[in-house]
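Here are the chains, one letter per residue:
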Amino acid sequence: MKQSLKLTGLAVLLVAAGPAAAQEKIKIGVITTLSGPAAVLGQQSRDGLQLGIKDLGGKMAGKDVEVVVVDDELKPDGAVTKAKGLLEREKVDFVVGPIFSNILQAIHRPVTENKTFLISPNAGPSSYAGKDCSPFFYVTSYQNDQVHEILGKVAQDRGYKRMYVLVPNYQAGKDSAAGFKLDYKGEISEESYTPLGTLDFQVELTKIASSKVDALFTFMPGGMGVGLVKQYRQAGLADKIPVLSAFTVDESTLPAQQDAAVGMFGGANWAPNMDNPQSKKFVAAYEAAYNSVPGTYAMQGYDTAMLIDSAVKAVKGDLKNKNAVSAALRKAEFTSLRGDFKFNVNGYPIQNFYLTKVAKRPDGKFQTEIVEKVFSNYGDRYAKDCTAAK
């Protein structure tokens, strides 16, 4: 399950000659989902980090970087074992990951209680954003609620009077509906909670068609989103009832959804058409290296590499002083692909959020594109309860 990333053209030290050599490396453990239907998410996150290290010349503060990758297989118990392996056997300086919040909740305590820095390039549950925040935990994505909040704010601002909510019946689905309703004050005509893994939405589509709603809000990640979007288009609803979605139409699902998703809306902290030099360079390099369009998973992985580099440089490669490393991480002195970025007191970002729309590019590939900025310099609502990391 473990593999060491061999970065093309880089002198990445994979085997230490002894204790002295081990001290001269910066060692990063990556734990992410690399098998099953959600593997594309973990692959993008891993590849984004890998590209960042490549752009750094395979070094941080003059020291070689070693990256050790393990597959969490979306199994919390197994993830704990693998995380402990990164800490005890590999003796990594940083743990990067995971994609899913249930995995994060499993590995958070073992990693942070070991006083090893855990940096999440995707999962951002509320449980560690408030009173249980930690100086050893940082998030380069967002607090989970925020992406759903974007769509609620858009629905409210656009004057949608009646909404249909369609989400899977598990904790993340319930949280997404709650997040949507934070800013949306109109009528929810119906909330449909489908079994996790549902691929046939004919019953729900019939209800939506007859519901006389202004728009649909949905959170259907992965294969569920692929099935929903294709069936929604086939039912003739896509041109009648707008779709506001979270993690349903993005660069992980668009290769399968293709034309069926064009015109559907999403929410994000970045998109491949972000208009700044560093983002344009990243997108071109990522597509050249991996022959796919990067999504937020890849962007956040890349930013994680740059965040770690900024901290290692600030302490001149000396990672023994944990307080100094934590302070350097909190400063986040790097150029984010998304532009403005800083950490709140809880180690979660303060950043801009956008409404995105699916488009087909002239080269035939599909991507999300920024339509409008919805929130500026937005920090999550749990940070006020964080005291341990202040």
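Preceding this paragraph is the structure being described.
First things first, this report covers the structure right here in the doc. (Residues numbered from 1 in each chain as written. Predicted model: local features only at pLDDT ≥ 70, side-chain atom pairs only at ≥ 80, totals over all residues. Heavy atoms only, no water.)

### What about the pattern of salt bridges?
The criterion, for reference: The rule for a salt bridge is simple: a side-chain nitrogen of Lys or Arg has to be within 4 Å of a carboxyl oxygen of Asp or Glu. Helical segments are the DSSP runs of H or I of at least four residues, strand segments are the runs of E of at least two, and each set is numbered from the N terminus. Working definition: with a 1.4 Å probe on protein chains only, accessible area under 20% of the residue-type maximum means buried, over 50% means exposed, and in between means partly exposed.
The tally for this structure, following the rule as stated, stands at 26 salt bridges. Close ionic contact of lysine 181 with glutamate 191 constitutes a salt bridge, the shortest N to O distance being 2.9 Å. With lysine 181 in the loop between helix H6 (171-180) and strand E9 (187-194) and glutamate 191 in strand E9, this residue pair connects regions lying ten residues apart in the sequence. On the accessibility criterion, lysine 181 (33% relative accessible area) is partly exposed.

### Points about the layout of surface pockets
Basically, it comes down to this: Buried and open spaces are told apart on a 1 Å grid over the protein atoms alone, a cavity being a set of points where a 1.4 Å probe fits but cannot get out and a pocket being an open set with protein on both sides within 12 Å along at least five of seven lines. Residues with an atom within 4 Å of a point are the lining residues. Grid points are joined across faces, edges and corners, and a volume is the space filled by probe spheres set on the points. Classes in brief: Ala, Val, Leu, Ile, Met, Phe, Trp, Tyr, Cys and Pro nonpolar; Asp, Glu, Lys and Arg charged; the others, Gly included, polar.
Size it by volume and the largest pocket reaches roughly 1,100 Å³. Surrounding the largest pocket, 42 residues form its lining, Phe100, Tyr170, Ala172, Phe219 and Pro221 being those nearest its centre. Breaking the lining of the largest pocket down by element, the ones donating at least two residues are helix H2 (39-55), helix H4 (101-113), helix H5 (145-157), H6 and helix H8 (223-234). No other element matches the four residues that H6 contributes to the lining of the largest pocket. Residues belonging to the lining of the largest pocket are distributed by class as follows: 22 nonpolar, 18 polar and two charged.

### With respect to the packing of helix H3 (residues 76-88) against H4
Selection criterion: A fitted line through C-alpha atoms represents every axis, and for helices the fit uses only the stretch in contact; the resulting angles, taken between N-to-C directions, go from 0 to 180 degrees. Crossings are assigned a handedness: left-handed for a near helix turned anticlockwise from the far helix by less than a right angle, right-handed for a clockwise turn. By definition, residues are in contact when any of their heavy atoms lie within 4.5 Å.
Across the interface, H3 lies against H4 with an axial gap of 9 Å and an inter-helix angle of 35°. Regarding H3 and H4, the two cross each other, and that crossing is right-handed. Residues Pro76, Ala79, Val80, Ala83, Lys84 and Leu87 of H3 form the contact with H4, whose own contacting residues are Asn102, Ile103, Ala106, Ile107, Pro110 and Val111. A per-class count over the contact of H3 with H4 returns ten nonpolar, one polar and one charged.

### A closer look at H5
Rules: The span one expects for a helix is its residue count, reduced by one, times 1.5 Å.
Here H5 spans 18 Å end to end across 13 residues, near enough to the 18 Å set by a 1.5 Å rise per residue. Judged by how many residues are buried, H5 sits mostly within the fold: ten of 13 residues are covered. Here H5 has its buried residues at Asp145, Gln146, Val147, His148, Glu149, Ile150, Leu151, Gly152, Val154 and Ala155. Of the residues flanking the end of H5, it is glycine 159, one or two places downstream, whose phi is positive at about 75°.

### Let's talk about the state of the cysteines
Where we set the bar: Note on terminology: disulfide denotes any pair of cysteine sulfur atoms within 2.5 Å.
Inspection of every chain in the model, using the stated rule, returns one disulfide. Disulfide pairing is shown between cysteine 133 and cysteine 386; the S-S distance is 2.0 Å. Its S-S torsion of about 90° marks the bond between cysteine 133 and cysteine 386 as right-handed, since a negative value means left-handed. Linking cysteine 133 in the loop between strand E6 (117-120) and strand E7 (137-139) with cysteine 386 in the segment after strand E15 (366-378), this pair joins segments that are 253 residues apart in sequence. Cysteine 386 carries the same exposure label as cysteine 133, and that label is buried.

### Details of the side chain of serine 252
Convention followed: Think of a polar contact as two N or O atoms within 3.5 Å of one another; within protein, one of them needs to be a possible hydrogen donor and the other a possible acceptor, and neighboring residues in sequence only count if both atoms come from side chains.
Looking at where serine 252 falls in the secondary structure, it is placed in the loop between strand E11 (243-245) and helix H9 (254-257). Residue class for serine 252 comes out buried when judged on its relative accessible area of 16%. A polar atom in the side chain of serine 252 sits 2.5 Å from the side chain of aspartate 250. In contact with serine 252, other than residues within four places in its own chain, are Val40, Leu41 and Tyr297.

### Let's talk about the nonpolar core
How we decide: Here, nonpolar core refers to any group of buried Ala, Val, Leu, Ile, Met, Phe, Trp, Tyr and Cys residues whose side-chain atoms link them within 4.5 Å.
If you look at the biggest cluster of nonpolar residues, it comprises 42 residues, and the most contacted ones within it are Ile28, Ile53, Met60, Phe94, Phe282, Ile308 and Leu329. Elements with a minimum of two residues in this core: strand E2 (25-32), H2, strand E4 (63-71), strand E5 (94-96), E6, helix H10 (277-290), helix H11 (296-314) and helix H12 (322-331). Looking at this core element by element, the count peaks at nine residues for H11. Formed by 29 residues, the second largest nonpolar core is a distinct cluster that contains Leu41, Ile150, Met163 and Tyr378.

### A closer look at unusual backbone geometry
Cis geometry is adopted by the peptide bond preceding proline 98, which originates at glycine 97 and carries an omega value of 0°. Considering the arrangement of structural elements, one finds proline 98 in the loop between E5 and H4. Its identity as a non-glycine residue notwithstanding, alanine 61 has a phi of 55°, on the positive side. Mapped onto the elements, alanine 61 comes out in the loop between strand E3 (59-60) and E4. For lysine 212, which is not a glycine, the phi torsion comes out positive at approximately 55°. Looking at where lysine 212 falls in the secondary structure, it is placed in the loop between helix H7 (202-209) and strand E10 (215-218). According to the relative accessible area criterion, lysine 212 is exposed, its value standing at 75%.

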